[in-house]
Amino acid sequence: MEELDIEPAVTLIPEVNSDKKQLCFEWGPGEMLVCETLFGPAGCKEKTPGCPYVYIVRKDQDVYSQTLRKLFNESHGIFVGLQKDEKEKVGKSRTAQLVRASKSYRSVIRACMEDSHQMAITTQDPVMHMHHSTQVSILSAMELIWNLCEIIFIEAAPAGPLLRHLLDWVRLHVCDVDNLVCDVLRSENPAKHENFWNVITIFVLQGRMDEARQLLSKEANTNPTSVGMCRILDELMKKMPVLSPSNTQTLTEMELKWQHWHEECQRFLDDGTFASHPHMETLCKILLGDENTILEKKDLMTTWYHFLVTRLLYCHPTVKHVELHLYAQSSLDLFLGGESSPEPLDSILLAAFEFDIHQVIKECSIALSNWWFVAHLTDLLDHCNLLQSHNLYFGSNMREYLLLEYASGLFSHHSLWQLAVDYFDHCPEYGRAYLEHHIERIPLDTEHKALKVLRICEQRMMSEQVRSICKIMAMKAVRNNRLGSALSWSIRAKDAAFATLISDRFLKEYRERGSFSDLDLIDNLGSSMLISDRLTFLGKYREFHRLYSEKQFFAAAKLLLMLMTARIAPCSFWMTLLTDALPLMEQKEVIFSADQTYELMRCLEDVTAAEPENQKLQDEDTETMKVEMLRLSLARNLARAIIQEGTLEES
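In this numbering scheme, every chain counts its residues from 1 along its sequence in written order. Totals for whole chains, interfaces and linings use every residue, but because this is a predicted model, local features are given only for residues with pLDDT of at least 70 and side-chain atom pairs only at 80 or more, for both listing and counting. Side-chain figures throughout are based on the complete set of non-hydrogen atoms in the structure, without hydrogens or water.

Moving on: the overall build of the chain. Under the scheme used here, helices are H or I runs from DSSP no shorter than 4 residues and strands are E runs no shorter than 2 residues, and both carry numbers assigned from the N terminus. A count of helices and strands for the chain gives 30 helices and three strands. Only protein chains enter the accessibility calculation, which uses a 1.4 Å probe; a residue is then buried when its area is under 20% of its type maximum, exposed when over 50%, and partly exposed in between. Expressed as a percentage of the 651 residues in the chain, the buried residues total 45%. Only heavy atoms matter for contacts: two residues are in contact if any of them lie within 4.5 Å across the pair. For the chain, long-range pairs separated by at least 24 residues make up 63% of all intrachain contacts whose partners lie at least 6 apart in sequence. Throughout, the Shrake-Rupley method with a 1.4 Å probe supplies accessible areas, and for residues the shown protein chains are the sole cover considered. Approximately 33800 Å² of the chain is accessible, and the part contributed by carbon and sulfur atoms is 52%.

Here, expected helix span is obtained from the residue count minus one, scaled by 1.5 Å. Under the 1.5 Å per step criterion, the end-to-end length of helix 17 (residues 372-383) is 17 Å for 12 residues, consistent within 8% with the ideal 16 Å. With 12 of 12 residues buried, helix 17 is to be regarded as a mostly interior element. Taken together, the buried positions of helix 17 are Trp-372, Phe-373, Val-374, Ala-375, His-376, Leu-377, Thr-378, Asp-379, Leu-380, Leu-381, Asp-382 and His-383. Positive phi shows up at Asn-385, right after helix 17, with a value of about 60°.

All right, on to the packing of aromatic side chains then. Two rings from Phe, Tyr or Trp (for Trp, the six-membered ring) form a pair when their centres are within 6.5 Å of each other. A pair whose planes differ by under 30 degrees is stacked, one over 60 is edge-to-face, and the rest are tilted. Scanning the entire structure with this criterion turns up 25 aromatic pairs. Taking the centre distance of 6.3 Å and the plane angle of 35° together, the rings of Phe-307 and Phe-335 count as tilted. Taken together, the positions of Phe-307 in helix 13 (residues 304-315) and Phe-335 in helix 14 (residues 324-336) put the pair 28 residues apart, joining distant regions of the chain. In terms of burial, Phe-307 and Phe-335 fall into one category: buried. Joined through ring pairs, the aromatic side chains of Phe-537, Tyr-541, Phe-544, Tyr-548, Phe-553 and Phe-573 make up one cluster. Either the NZ atom of lysine or the CZ atom of arginine qualifies as a charge over a ring when it sits within 6 Å of the ring centre and within 35 degrees of the ring normal. For Arg-267, the ring lying beneath its charged end belongs to Phe-268, and the centroid distance is 5.9 Å.

On to the nonpolar core, then. In terms of nonpolar packing, the biggest core is built from 194 residues, with Trp-169 and Phe-353 touching the most fellow members. Examining the composition of this core, we find that 12 residues originate from one element, helix 3 (residues 126-155), more than from any other. Residue contacts for Phe-353: discarding those within four places in its chain leaves Leu-148, Ile-152, Leu-166, Trp-169, Trp-304, Tyr-305, Leu-308, Leu-324, His-325 and Ala-328. Nonpolar cores are built from buried Ala, Val, Leu, Ile, Met, Phe, Trp, Tyr and Cys residues. Side-chain atoms within 4.5 Å join them into one set.

Right, let's talk about the packing of helix 6 (residues 196-205) against helix 7 (residues 209-222) for a bit. At a minimum axis distance of 8 Å, the contact between helix 6 and helix 7 shows a crossing angle of 155°. Relative to helix 7, helix 6 is oriented roughly antiparallel. When the axes of helix 6 and helix 7 are compared, the crossing they make is left-handed. For the pair helix 6 and helix 7, the contacting residues are Phe-196, Trp-197, Val-199, Ile-200, Phe-203 and Val-204 in the first and Met-209, Glu-211, Ala-212, Leu-215, Leu-216, Lys-218 and Glu-219 in the second. Angles run from 0 to 180 degrees between N-to-C directions of axes, and those axes are lines fitted to C-alpha atoms, restricted for helices to the stretch in contact. Comment on the angle field: the value is read as roughly parallel under 35 degrees, roughly antiparallel over 145, roughly perpendicular from 65 to 115, and oblique elsewhere. Throughout, a crossing is termed right-handed when the near helix is turned clockwise from the far one, and left-handed when it is turned anticlockwise from it by less than a right angle.

Bringing the environment of Asn-147 into the picture now. Its location among the elements puts Asn-147 in helix 3. Residue class for Asn-147 comes out buried when judged on its relative accessible area of 5%. For the pair Asn-147 and His-165, spaced 18 residues apart in sequence, the C-alpha separation works out to 9.7 Å.

For this analysis, a salt bridge means a side-chain nitrogen from Lys or Arg found within 4 Å of a carboxyl oxygen belonging to Asp or Glu. One pass over the full model with this rule turns up 27 salt bridges. As a salt-bridge pair, Asp-425 and Arg-460 come within 2.6 Å of each other at their nearest N and O atoms. Linking Asp-425 in helix 19 (residues 417-425) with Arg-460 in the loop between helix 21 (447-459) and helix 22 (463-479), this pair joins segments that are 35 residues apart in sequence. Of the charged contacts, one joins Arg-432 and Glu-436 as a salt bridge, the two residues approaching to 3.2 Å between their closest N and O atoms.

Relative to the helices and strands, Gln-206 resides in the loop between helix 6 and helix 7. Since its relative accessible area comes to 0%, Gln-206 is described here as buried. Here a polar contact is taken to be a pair of N or O atoms separated by no more than 3.5 Å, where protein atoms must pair a possible hydrogen donor with a possible acceptor and residues adjacent in sequence count only if both atoms sit in side chains. A distance of 2.9 Å separates the side chain of Gln-206 from the side chain of Arg-208, its partner in a polar contact. The residues touching Gln-206, leaving out its near neighbours within four places in the chain, are Leu-167, Val-170, Arg-171, Val-174, Val-177, His-306 and Leu-313.

Structural data, given as C-alpha cells:
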C-alpha cells in the first residue's frame, strides 16, 4: 500500500502540554502510556511539577463501543465460515456463495445501525446522543460503500441487471421519499398537496414507475382537464422497456425497444402534448434523459450518485460495469457544479465506479476510524480473486496486512481477543508470529482465562507460550500459597526445576504440620511424577503413607527403604524417613528383615556423619535423643529379625 497522502490527525491529551514539559511514553501492542516528566524543554534545567496523571492512549477506541462489539462478534462467524467454504464451490455457485456472505455482512452492519439509531432516540444525554448519531452516519456510509462494491466487484452483473442492482442500491439508501409519500397520502386531497409532484418526480427519478403511475391516477381523478395527459404519460411509463430477471430478450432487442420508446416520448414532447402542464412536461423530459431537467431536480435526489443512476437509467440503460467510470466523474462534476468539493465518501464511491479496488481500500482506511470494514471487504474481494496484483512491498499481501491490523486491535480488548485468534489463524504468512507476540501479553487474571489461553496455544502446538503461561500461573499460585495449583501448572509446563521447588515446599509443609495438603493431586500424579526426582520422591512418599494407613506394612517398609537407598530424597528429609520407620519396627510382627535393618543402620550412620557439614542443629539434645532412639529400635529389630530368620531356617 502506498504512503498516506495526508498528515495523520493530532491527538490532544487533556492537561498535557508538550511545549512546556518533556513527555514520557511507553508503547504497547494496542495502546500507549503517556505522562509528563519534571523536565522542561531542552536547555531548561529547572524542575517544576506538572500533570500528575498517566494517560492511556488507545490505538483503536472502537473496540470498546457497545454497538460495534456486536458488529465484531457477529461478523466473526461470517468470516470463519467463508474461510472454511473457500474451496467447496466453483463457478456460479461460488459467486452466489460470496454474494450471500456479502449480504450477511451488510445485514450485520444494518442491525448495528438500527441499534445505534435506537440508542440515539432513547438517550437523554446530549453527548451520547451525538455519539450514537455519528455512529449511525458512519455505519450508513459503510453499508452504502459495501453494497456498491458487492454490485460492481462481487456480483459483477452484466449490462441490464447491473442497472437494476444500482437502482435498488439508490432506493435502499435514499429513504426521504418514503416520509414524503406518507405525508401526501395522509392528506385529505393528495393531488393538491404541495409535495404531490415532488413525490411523483422522485419515483420517476428512481425508476419506480408503478408507484409513480398510482399517484398520477389521483391527479386524473381530481383534475378532469388533465385526464388525457395523465393517460398518455401513464402509457409512456408503462411502456418503458426494462430488463427484468424473467426477461429472455437480448441486449440488442432491449436497445431497439428502448429506441422506439424514446422516439415516442420525444414525439409527444415535440407535439406540445404536455405544454399546458409544466409538471408533466418535466416528467416527460426526465423520461427522455434531459440532463438539464434532471439536474434542476437535484434537491430531490440529494446525492450525485443518485443523479448518476438516474442519468444511466434514461440515457444508457444497457451500461456495462466497465463503462461506469465514463459517467461517474462527469456526474459528480455536473451535480456539484463547482459549488463545493467532494467529500471523502464521494472519493470512495468514485473509485468504486472507476473499478479501482486499491483506491477504494486506501480511501476507506484513511476515512474510517477502525480496520473492521477494510479487513473484511478486502478478504471478501480476495476470495473473488480480485487482489492478486496488489502485493505490499514489505512481504505480506494486502488482505493479510489488513487482517493483522484488525486482529491486533481486537487483542487490546479483554474479551474480543478470542475473536482475533481466528483471524491470525487465517493469515498464512505472519499470522502465527503475530499470535505468539500478542498472546503472551494477555493479562491472566483468572485460572479460567489462563486455561482458555492455554487451550488455544496447545491446539496450535505453541510449546514456548504453553510453558510461559504455566510458569506465570505457577508463580502466582506459589505467591498465594496454593501449592496444589502451583504443582499442577508446573507439571503442565514440564518444568523440572519449578516442580522440584514446589515439591520441596510440600515436604517442608509436611515437616512443619505432619500432613500433606492437596492429597487428591499428589495421589494422582501418575507418570507426571517422573518430571523431576524430587516430585517422584514426593509421590512415592505419599504412597508410603497410603500403604501404611491401609496396614500394608511389608509393602510400606519396602518402599520406605527404596526411598532411602535410591538417594532421591533430600538430605534434610532422611531423618524424617528414618523416624517413619520407627512405628514399623514396633509392630508385633517383624517387618524389616535383617538385611533391610542393616541398610537402615547404614542410612542412619550416613545421616549422623553428614550433620557437621550441615548447618548446626537447632536443638541438639532433641536430635541426639532421636538418634539414640533409632539406634535402640534398629538394634531391637535386628535381634528380632535374626531370631525369626534363624528359627525359620531351623524349621
